[in-house]
Amino acid sequence: HWPGKAKTAPDAGEHEEGRHGSWRALEEAKASGVLRHIGVSNFNSRQLERLAAVATVVPEVNQVELHPYFPQDELTETCARLG
């Protein structure tokens, strides 16, 4: 997924700058009234924590696969803790 480089681990540091830059642009769009809600997709706990450390707006949603056979307990707990 964009922003990122193919064949690079999702948590690689080089992806972080792109994710944070994209998030800043979404925050600006929300502040200007262009967007009402902003969120992320398929972020893991580590990515969410790193984003929360630099964000001024908390993501309203993290769209992920979640069901009884794939509960993602750690991720669910991170989302609850971060708001």
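On a predicted model such as this, the values are computed, not experimentally measured, just so you know.

Engineer: Where do I start with unusual backbone geometry in this structure?
Structural biologist: Most peptide bonds take the trans configuration, and most residues that are not glycine carry a negative phi. Positive phi, normally seen in glycine, also occurs at Asn42, with a value near 60 degrees. Here Asn42 shows up in the loop between strand 1 (40-41) and helix 2 (45-54). Of note in the backbone geometry, Gln72 takes a positive phi value of approximately 50 degrees without being a glycine. Assessed through its relative accessible area of 22%, Gln72 is described here as partly exposed.

Engineer: Help me out: how do you make sense of the environment of Glu14 in this one?
Structural biologist: Mapped onto the secondary structure, Glu14 falls in helix 1 (residues 13-31). Sequence-distant contacts of Glu14, that is, excluding residues within four places in its chain, are made with Lys5 and Thr8.

Engineer: Before we go on, may I ask you to explain the nonpolar core in this structure?
Structural biologist: Within soluble globular proteins, side chains that are nonpolar tend to cluster in buried spots. Among the nonpolar cores identified, the biggest contains seven residues, and these are Trp23, Ile38, Val40, Phe43, Leu48, Leu51 and Leu75. If we ignore the near neighbours within four places in the chain, the residues touching Ile38 are Trp23, Leu26, Glu27, Lys30, Val57, Pro59, Glu60 and Val61.

Engineer: Would you mind showing me how to read the environment of Val64 here?
Structural biologist: The residue Val64 is located in the loop between strand 2 (62-63) and helix 3 (73-82) in this model. Note: C-alpha distance between Val64 and Asn42 (22 residues apart in sequence) is 5.0 Å. Beyond its immediate stretch of four places on either side in the chain, Val64 contacts Asn42, Phe43, Gln72 and Leu75.

Engineer: What should I look at first to understand the packing of helix 1 against helix 2 in this one?
Structural biologist: Helix packing for two helices is described by the angle between their axes and how far apart those axes are. Between helix 1 and helix 2, whose axes approach to 11 Å, the crossing angle comes to 50 degrees. Classed by the angle they form, the pair helix 1 and helix 2 counts as oblique. In this structure, the crossing between helix 1 and helix 2 has a hand that is right-handed. Only Gln47, Arg50, Leu51 and Val54 of helix 2 make contact with helix 1, whose side of the interface consists of Glu16, Arg19, His20 and Trp23. Here the residues of the contact of helix 1 with helix 2 are counted per class, giving three nonpolar, two polar and three charged.

Engineer: I keep staring at the packing of helix 2 against helix 3 and nothing clicks. Help me out?
Structural biologist: Running from N to C, helix 2 and helix 3 point in directions that differ by 15 degrees, and their axes come no closer than 9 Å. In terms of their interaxial angle, helix 2 and helix 3 are classed as roughly parallel. Two packed elements cross with a definite hand, and for helix 2 against helix 3 that hand is left-handed. Here Ser45, Leu48, Glu49 and Ala52 of helix 2 come into contact with helix 3, specifically with Glu74, Leu75, Thr78, Cys79, Arg81 and Leu82. Of the residues in the contact of helix 2 with helix 3, the class split is five nonpolar, two polar and three charged.

Calculation criteria
Residues numbered from 1 in each chain as written. Predicted model: local features only at pLDDT ≥ 70, side-chain atom pairs only at ≥ 80, totals over all residues. Heavy atoms only, no water. Helix = DSSP H or I, 4+ residues; strand = E, 2+ residues; numbered from the N terminus. Buried < 20%, exposed > 50% of the residue type's maximum accessible area, 1.4 Å probe, protein only. Contact = heavy atoms within 4.5 Å. Core = buried A, V, L, I, M, F, W, Y, C linked by side-chain atoms within 4.5 Å. Axes fitted to C-alpha atoms, helices over the stretch in contact; angles between N-to-C directions. Parallel < 35°, antiparallel > 145°, perpendicular 65-115°, else oblique. Left-handed = near helix turned anticlockwise from the far one by under 90°. Nonpolar A, V, L, I, M, F, W, Y, C, P; charged D, E, K, R; others polar.

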